[in-house]
Amino acid sequence: MLSLGALFGLIALAAHLARDQLDALGRGFVQRFGLAGMFVGTYLADAFSFPIPPQFYMLTAISSGGPQIAPMVVISVASLLAGYTGYRLANHLTRFRIFAARLERTRPRIDRLFERYGYWAIAIGSVSPVPFSMLCYLSGLYRIPPRYFFTLVLFRVPRLLIFYALIRLGWAQ
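Residues numbered from 1 in each chain as written. Predicted model: local features only at pLDDT ≥ 70, side-chain atom pairs only at ≥ 80, totals over all residues. Heavy atoms only, no water.

A. How the structure looks around the overall build of the protein. Within the protein, the regular secondary structure consists of seven helices and zero strands. For the protein, the N- to C-terminal ordering of α and β elements is α-α-α-α-α-α-α. For the protein, the C-alpha atoms occupy an extent of roughly 55 × 30 × 25 Å along the three principal directions. Here the protein holds 173 residues, and the buried ones make up 44% of them. Across the protein, every contact between residues at least 6 apart in sequence was considered, and the portion connecting residues at least 24 apart equals 79%. Carbon and sulfur atoms make up 70% of the accessible area of the protein, which amounts to about 10,000 Å² in all. Of the charged side chains in the protein, 17 are positive and 6 negative, and the gap between their average positions amounts to 6 Å. (Helix = DSSP H or I, 4+ residues; strand = E, 2+ residues; numbered from the N terminus. Buried < 20%, exposed > 50% of the residue type's maximum accessible area, 1.4 Å probe, protein only. Contact = heavy atoms within 4.5 Å. Areas by Shrake-Rupley, 256 points an atom, 1.4 Å probe, with all protein chains shown as cover. Lys, Arg positive; Asp, Glu negative; His and termini not counted. Charge placed at Lys NZ, Arg CZ, Asp CG, Glu CD.)

B. Here's a closer look at unusual backbone geometry. At serine 49, a residue that is not glycine, the phi angle is positive and equals roughly 55 degrees. As for its position among the elements, serine 49 is in the loop between α1 (2-48) and α2 (54-64). Classification of serine 49 as partly exposed rests on a relative accessible area of 42%. Positive phi values are uncommon outside glycine, yet arginine 143 reaches one of about 50 degrees. The topology assignment puts arginine 143 in the loop between α6 (132-141) and α7 (146-172).

C. Here's a closer look at the nonpolar core. Leu7, Ile11, Met38, Met58, Ile167 and Trp171 are the most contacted members of the largest nonpolar core, which has 20 residues in total. Every element with two or more residues in this core is listed here: α1, α2, α3 (69-93) and α7. Leu103, Phe132, Cys136 and Tyr148 belong to the second-largest nonpolar core, a separate cluster that totals 17 residues. (Core = buried A, V, L, I, M, F, W, Y, C linked by side-chain atoms within 4.5 Å.)

D. Local environment of the side chain of threonine 106. Here threonine 106 shows up in helix α4 (residues 97-117). Reaching out from threonine 106, the side chain makes a polar contact with the side chain of tyrosine 142 at a distance of 2.6 Å. (Polar contact = N/O pair within 3.5 Å; in protein donor to acceptor, adjacent residues only side chain to side chain.)

E. Examining a nonpolar patch on the surface more closely. There is a patch of nonpolar side chains on the surface, built from Val40, Leu44, Phe48, Phe50, Ile52 and Leu89 and spanning about 470 Å² of accessible area. For the nonpolar patch, the leading source of residues is α1, giving three residues. Considering the arrangement of structural elements, one finds valine 40 in helix α1. Taking relative accessible area as the criterion, valine 40 reaches 47% and is therefore assigned partly exposed. (Patch = residues over 30% accessible without salt bridge, like charges linked within 9 Å, V, L, I, M, F, W, Y side chains within 5 Å. Salt bridge = Lys/Arg side-chain N within 4 Å of Asp/Glu carboxyl O.)

This is the structure we're talking about:
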């Protein structure tokens with residue numbers, strides 16, 4: 001909750017202090033890179049923990065003054081594909097001895113978590129401040145069953161929509 005409040009506050013402050021510059025940045029980004037740039041940026045952020053998060057692309061869409069539905073669809077699809085990429089990539093990392101040994105030491109705790117809480121473990125993780133890419137990698141490393149991972153992915157879209165609503169609300173201040 002604190003991170004969501006911080007996001008709203010940061011956007012409201014940025015809108016107050018640098019609205020003209022951010023408007024220009026949003027329009028420039030959208031004109032130069034368009035939806036493809038938002039897709040690639042979001043994919044890199046959520047598949048490889050690239051330092052520019054999907055919220056940046058949401059802000060550029062909002063500050064550009066253009067249509068909002070297409071950018072949110074593109075950002076959501078890119079994020080979901082990126083999550084799947086991280087899950088699959090991490091799954092392959094378990095073949096390396098250095099990862100496999102460490103995972104086997106901690107696996108019993110993860111297994112107990114899913115035995116006890118099942119889908120709720122994923123639900124809680126998906127609304128936590130842990131980055132989506134990290135959750136996807138951990139899911140792949142621990143070879144979380146696909147049904148649980150699919151649940152995590154389903155929670156991603158509402159989380160993105162909440163981020164979008166807070167950014168839009170902060171921008172309107």
